[in-house]
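# Coordinate inspection notes
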Amino acid sequence: MTIAIRKPSLGSAATAFLAKPHKLLIDGKWVDAKSGETFPVEDPATEEVIAHVPAGDKADVDAAVAAARRAFESGPWSRILPGDRSRLVWRLGDLLEQHADEFAELEALDNGKPVTNARRDDVQGSINMFRYMAGWSTRLTGETIPVSSPGNWHVYTLREPVGVVGQIIPWNFPLMMAAWKLAPALAAGCTIVLKPAEQTPLTALRFGELIQEAGFPDGVVNIITGYGETAGAALANHPDVDKVAFTGSTEVGKLIVKAAAGNLKRVSLELGGKSPAIVFPDADIDRAISGTASAIFYNQGQCCTAGSRLFAHKSVYDRVVEGVSAEAGKIKIGHGLDPNVNLGPLVSKEQHNRVRGFLESGRKEGAEVVTGGNVPGNQGYFVEPTVLANTNRDMRVVREEIFGPVVCVQSFDDDDLEAVAKFANDTEYGLQASVWTRNLKVAHMMARKIRAGTICINNHNYGDPAWPFGGYKQSGWGREMGKEVMEHYTETKAIAALH
Ligand code: NAI
Ligand code: MG
């Protein structure tokens, strides 16, 4: 394991953005929080403060929601043709592409993730999302309905935008989560108040500038930086917000549901996971080893889909444990801005403490630390990629979402697929699972038996704007991406004429 924690320099565009005063975007204007309060933004690799952003709260959320309501009810956005809306959403993808390196650098600096991954996945994934969703603006069609009631009926449906949407997003993929939320809502014709995570507000603010450059009317997208308990809660509780879309912890997801009850706003939730990766003896074992290693170590393990429970058939268990540990050993840890680094720091001190707590608890509960388990260096929120073997279902590390580069390996010796599926399903979550096998029957039988929103066969952690994504059980409500996401951002209106 190589550790190279030095801070490489930033490009000129990202440097210029950082040096600017950062403000809230409300009704097309950049403004300070009404309270005048700000909070610091940190580089998690060096613990240095890199910026200050406004601490928006209820008063700012009220102003943003009022602006979004005005933009929705009157003004150019309420009359825009679908084709023009489509062009605006498409333009966001083009603008992002023009500034791709700057966004990748800001993301690596703010979140800690490797800049190479940020460019290839976060930024490119966001570009792809705007381009895919742009097409939906012109495809939101209703239907004509044949009815059997007596009389001469003409019944048809319209798909209308749901209205003012509050979007609360996390810090693990800050720009990409903004893209997943903004792109479909804009394509549907909604107006938005977006609240980025307090740990990682920078790319959302920079993206606000692109939204203005693209030519969106004032008030269509408003961006409020602030804490969850203040700005986030105000948005979730707001009586004039029609829908809230949330990605984050299951704990806060439950609070959002309660808050939404006030005006029965629509809710969609992408929450936690404890995804199984299951290696059958007939798998291409080398591929399964590198794939399951990346399933947990990618993005420092801070993926809701992370393959955090690794099940290996007893006949390949030793080889898999050794192989994944060897992969961990090859990982170069360091500052995310270094293009040769594969693993950056965790996002914050809070997450660092949390993951260290899990490592401690795993040791106490008797898990075997095959590799990793420590905190390298004396600066930044780094955690070594860690393999915990001989784990079992009763351990906290196996039951709870760790959200760090820590995998718990268990063996299975039962070839009865029902029994294997029972292991996989032994969790309150149901976001993703991967099955590693060359046997088509095993792959597709397992796919049906596992209760999760995505089943990956011989891959893990991938996604595409066209493929629906979301969770069973306590991993959430609803699906993002694909055609399914348009359900979140539209209402269906039935029109019944009796002639
Ligand atoms: P969190 O759920 O508190 O934060 C996510 C977003 O929700 C942030 O924008 C935050 O400001 C906002 N928020 C927090 N409290 C809120 C409230 N009462 N009302 C409205 N909005 C609120 O997640 P946190 O505390 O940063 O991380 C804790 C754990 O959550 C992680 O260790 C991980 O297990 C899980 N998590 C899961 C994510 C996912 O992608 N599903 C993303 C981030 C965290
Ligand atoms: Mg929290």
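Residues numbered from 1 in each chain as written. Chains lettered and ligands numbered in written order. Predicted model: local features only at pLDDT ≥ 70, side-chain atom pairs only at ≥ 80, totals over all residues. Heavy atoms only, no water.

### Some details on the side chain of Glu105
- Mapping Glu105 onto the fold places it in helix α5 (residues 100-111).
- Arg119 is the oppositely charged side chain nearest to the buried, salt-bridge-free Glu105, at an N-O distance of 9.6 Å.
- If we ignore the near neighbours within four places in the chain, the residues touching Glu105 are Leu10, Gly11, Ala14, Val115 and Leu337. (Helix = DSSP H or I, 4+ residues; strand = E, 2+ residues; numbered from the N terminus. Buried < 20%, exposed > 50% of the residue type's maximum accessible area, 1.4 Å probe, protein only. Lys, Arg positive; Asp, Glu negative; His and termini not counted. Salt bridge = Lys/Arg side-chain N within 4 Å of Asp/Glu carboxyl O. Contact = heavy atoms within 4.5 Å.)

### Considerations on the pattern of salt bridges
- Under the counting rule described, the total for this entry stands at 27 salt bridges.
- Note that Glu97 is salt-bridged to Arg131, the shortest N-O span being 2.8 Å. Residue Glu97 is found in helix α4 (residues 82-98), and its partner Arg131 is found in helix α6 (residues 115-134); the two are separated by 34 residues along the sequence.
- Assessed through its relative accessible area of 38%, Glu97 is described here as partly exposed.
- Each of Lys20, Glu102, Arg206 and Glu209 takes part in one network of salt bridges that share partners.

### What about the sheet that holds strand β21 (residues 454-457)?
- In space, the seven strands of this open sheet follow the order β16-β17-β18-β14-β13-β20-β21, with mixed pairing throughout. Each having just a single partner strand, β16 (368-371) and β21 make up the two edges of the open sheet. Pairwise comparison of adjacent strand axes, ignoring direction, gives a mean angle of 25 degrees for this sheet.
- Alignment of β16 against strand β17 (residues 386-389), held across three bridges, turns out to be antiparallel. Its bridge partner being in β17, Glu368 is matched across the sheet by Ala389.
- Its contacts with the sheet place helix α15 (residues 417-424) against β13 (276-279), β14 (309-313) and β18 (406-412), and it is angled at close to 160 degrees to β14. (Pairing = 2+ DSSP bridges. Axes fitted to C-alpha atoms, helices over the stretch in contact; angles between N-to-C directions.)

### Some points on the domain arrangement of the protein chain
- In terms of domain boundaries, the protein chain breaks down into domain 1 (12-271 + 476-496) and domain 2 (276-470).
- Taken over C-alpha atoms, the centre of domain 1 sits 30 Å from the centre of domain 2.
- The partner domain 2 presents 36 residues to the 38 residues of domain 1 that form the contact.
- Of all residues in domain 1, the largest losses of buried area upon contact with domain 2 belong to Ala45, Pro114 and Trp171, amounting jointly to 18% of the total for that side.
- There are zero salt bridges connecting domain 1 and domain 2.
- Where domain 1 packs against domain 2, one counts 13 residue pairs in polar contact (both at pLDDT 80 or more).
- When contributions to the side of domain 1 that touches domain 2 are tallied by element, the ones reaching two or more residues are β4 (38-43), α5, α6 and β25 (479-480).
- When residues in the side of domain 1 that touches domain 2 are grouped by element, the largest group, ten residues, is from α6.
- Per-class residue counts for the side of domain 1 that touches domain 2 are 14 nonpolar, twelve polar and twelve charged. (Domains from an automatic or database assignment. Buried area = accessible area lost by both parts, 1.4 Å probe. Polar contact = N/O pair within 3.5 Å; in protein donor to acceptor, adjacent residues only side chain to side chain. Nonpolar A, V, L, I, M, F, W, Y, C, P; charged D, E, K, R; others polar.)

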